[in-house]
2 protein chains.
Amino acid sequence: MTEQRTPPRRGRGRRPAAEVRAEVLAATGHLLLREGLKAVTFDRVAREAGSSKVTLYKWWPSPGALAAEAYFAQSEPVLAFPDTGDIRADLISQLTAFVRWLTEEGAATPVSELVGAAQTDPDVARAWTEEYARPRRELARMRLRAAQQQGQLPEDADLDVIVDQLWGACYHRLLVLKVPFDQTLVPRLVDQALYGAARGA
Amino acid sequence: MTEQRTPPRRGRGRRPAAEVRAEVLAATGHLLLREGLKAVTFDRVAREAGSSKVTLYKWWPSPGALAAEAYFAQSEPVLAFPDTGDIRADLISQLTAFVRWLTEEGAATPVSELVGAAQTDPDVARAWTEEYARPRRELARMRLRAAQQQGQLPEDADLDVIVDQLWGACYHRLLVLKVPFDQTLVPRLVDQALYGAARGA
């Protein structure tokens, strides 16, 4: 936990904490997407971000917790929720971005590793659920609530079930079945969630 | 890998392989549900099942792979698919049994641990997907296909998406969101999957 190596940017003088934090999260996010969860150690992150290990230990209880928060920061711009007023179209855009992020932009492995670690490591579980999974569910709920207010979803629709049946369906293939899938799945997911598998029967 | 301890049932003489296999799977299943994945070691299973470790090493590549197969055997009677001719009612029965199995009968922890381990351990991943998750999906598909033939689901319904939106939704709460849920969730899951969240809007 001592600073044995001079951090590369030390010469620039003391940086504000928010700036250091953002740089640490960005460096961790890159490391995670490029090399996976096992590359995220405090040693390696301190080196890549030019920060001290003491700072990392002060801010995060474990490298896994840091990785979960970095994953949220890294994915946030990719996973924004559009609101064009058409809930079907907007869900298709957002879920297409999510599936491509997983399958084409390298997120499938770190996500699997983080959720995997969250099953037995309480620090990773806390960071993953509190810094990523539940805040993202809240963003999805907000978009679905707006659709409800515009009359595109009925008052008694269970919005959490919609979240489970869209994003949860993708996680099911990724983590439980471990079968390949791509963005062509998305319109079927959205249409069956919104209009029902039994429509027309 | 040597037999240092005399297995307790050795005195009964050589048992047929199928019988030994069934006893090993039953002993492992009980151990897994009672004490979790970390209790499943070849030492412990050999002791509980009265079999030799050599046998275990011969039949399973790792304790995790044995645990996954034991979980399938243990859960099979609980998770049978009824066919009363009413797909909505039958899905509600089966999913209620599945949710109670997870939340009241102790399966939530070993399932989480197995899926967690499957994200980084290739032997567990292979055993979990090949011995449990995909065979179970095939059983669900068979029941859904029968409903299709009876005209309760349209010809163009994507049966795999229904599987993702029912069982996958439960796994989403268990593994990704890590929020508590119970069997009262099931009718909403089934109704939104079959009839759509947007019906009536």
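Residues numbered from 1 in each chain as written. Chains lettered and ligands numbered in written order. Predicted model: local features only at pLDDT ≥ 70, side-chain atom pairs only at ≥ 80, totals over all residues. Heavy atoms only, no water.

**Student:** With reference to specific residues and values, describe the interface of chain B and chain A.
**Tutor:** For interface size, the figure often reported is the accessible area lost on association. Taken together, the contact pairs 49 residues of chain B with 49 residues of chain A. For the pair chain B and chain A, the summed buried surface comes to about 4000 Å²; carbon and sulfur atoms form 57% of the total. It is Gln-119, Gln-165 and Val-176 of chain B in chain B that bury the most area against chain A; as a group they hold 16% of the surface buried on that side. With a closest N to O distance of 2.4 Å, Asp-158 of chain B and Arg-188 of chain A form a salt bridge. Taken together, the connections running from chain B to chain A amount to 27 residue pairs in polar contact (both at pLDDT 80 or more). In terms of residue count, the dominant contributor to the side of chain B that touches chain A is helix H8 (residues 159-177) of chain B (16 residues). Residues belonging to the side of chain B that touches chain A are distributed by class as follows: 27 nonpolar, 12 polar and 10 charged. (Contact = heavy atoms within 4.5 Å. Buried area = accessible area lost by both parts, 1.4 Å probe. Salt bridge = Lys/Arg side-chain N within 4 Å of Asp/Glu carboxyl O. Polar contact = N/O pair within 3.5 Å; in protein donor to acceptor, adjacent residues only side chain to side chain. Helix = DSSP H or I, 4+ residues; strand = E, 2+ residues; numbered from the N terminus. Nonpolar A, V, L, I, M, F, W, Y, C, P; charged D, E, K, R; others polar.)

**Student:** I'd like a rundown of the domain arrangement of chain A, residues and numbers included.
**Tutor:** Residues and elements named next belong to chain A. Along its sequence, chain A is organised into domain 1 (10-69) and domain 2 (73-195). Domain 1 and domain 2 are separated by 26 Å when their C-alpha centres are compared. Taken together, the contacts link 15 residues of domain 1 with 15 residues of domain 2. Interface of domain 1 and domain 2: buried area, both sides summed, is about 1200 Å²; carbon and sulfur atoms make up 68% of it. The largest share of the area that domain 1 buries against domain 2 comes from Leu-33, Leu-37 and Ala-68, three residues that together contribute 45% of it. Seen at the junction of domain 1 and domain 2, the total is zero salt bridges. Run the count over domain 1 and domain 2 and you get two residue pairs in polar contact (both at pLDDT 80 or more). Where the side of domain 1 that touches domain 2 is concerned, the elements lending two or more residues are helix H1 (17-35) and helix H4 (63-75). Grouping the constituent residues of the side of domain 1 that touches domain 2 by class yields eight nonpolar, five polar and two charged. (Domains from an automatic or database assignment.)

**Student:** Any chance you could break down the packing of aromatic side chains for me, citing the residues and the numbers?
**Tutor:** With the rule as written, the count across this model stands at 18 aromatic pairs over all chains. Relative to Trp-167 of chain A, the ring of Phe-81 of chain A has its centre 5.8 Å away and its plane inclined at 65°; by these criteria the two rings are edge-to-face. Of this pair, Phe-81 of chain A sits in the loop between H4 and helix H5 (87-103) while Trp-167 of chain A sits in helix H8 (residues 159-177); the two residues are 86 residues apart in sequence, bridging distant segments of the chain. Judged by its relative accessible area of 7%, Trp-167 of chain A falls in the buried class. Among the aromatic residues, those joined into a cluster by ring pairs are Tyr-71, Phe-72, Trp-101, Trp-128 and Tyr-132 of chain A. Geometry around Trp-59 of chain B places Arg-21 of chain B over its ring, the cationic atom sitting 5.6 Å from the centre. (Phe/Tyr/Trp six-rings, centres within 6.5 Å; stacked < 30°, edge-to-face > 60°. Buried < 20%, exposed > 50% of the residue type's maximum accessible area, 1.4 Å probe, protein only. Lys NZ or Arg CZ within 6 Å of the ring centre and 35° of its normal.)

**Student:** Provide a residue-level description of the UniProt feature "domain: HTH tetR-type" (unreviewed entry) in chain A, including the pertinent values.
**Tutor:** Within this structure's numbering, the places UniProt gives as "domain: HTH tetR-type" (unreviewed entry) are residues 18-78 of chain A. Within residues 18-78 of chain A, the helical portion is 75% and the strand portion 0%, while the C-alpha atoms at the span's ends are 22 Å from each other. (UniProt positions renumbered as here; feature names shortened; annotations may be inferred.)

**Student:** Give a description of the relation of the copies chain B and chain A that names residues and reports values.
**Tutor:** In summary, the two copies of the chain are related to each other by a rotation about an axis coupled with a shift along it. By a simple turn and slide, chain B fits onto chain A: the slide is 0.0 Å along the axis, the RMSD is 0.0 Å, and the turn is 180°. Those values place the two copies in the arrangement expected of a two-fold rotation axis. By residue overlap, the copies meet face to face through one surface: 100% of the interface positions of chain B are interface positions in chain A. (Least-squares fit on C-alpha atoms with pLDDT ≥ 70 in both.)

**Student:** Describe the UniProt feature "DNA-binding region" (unreviewed entry) in chain A, with residues and values.
**Tutor:** Mapped onto this numbering, the UniProt entry gives "DNA-binding region" (unreviewed entry) at residues 41-60 of chain A. Within the segment residues 41-60 of chain A, helix and strand shares are 75% and 0% respectively, and the terminal C-alpha atoms sit 12 Å apart.

**Student:** I'd like to hear about the side chain of Arg-44 of chain A, residue by residue, with values.
**Tutor:** All names here are of chain A. Structurally, Arg-44 is set in helix H2 (residues 42-49). You can call Arg-44 buried: its relative accessible area is 19%. Of the polar contacts made by the side chain of Arg-44, one reaches the side chain of Glu-35; its length is 2.9 Å. Non-local contacts of Arg-44, meaning those with residues more than four positions away in its chain, are made with Leu-31, Arg-34, Glu-35 and Ala-39.

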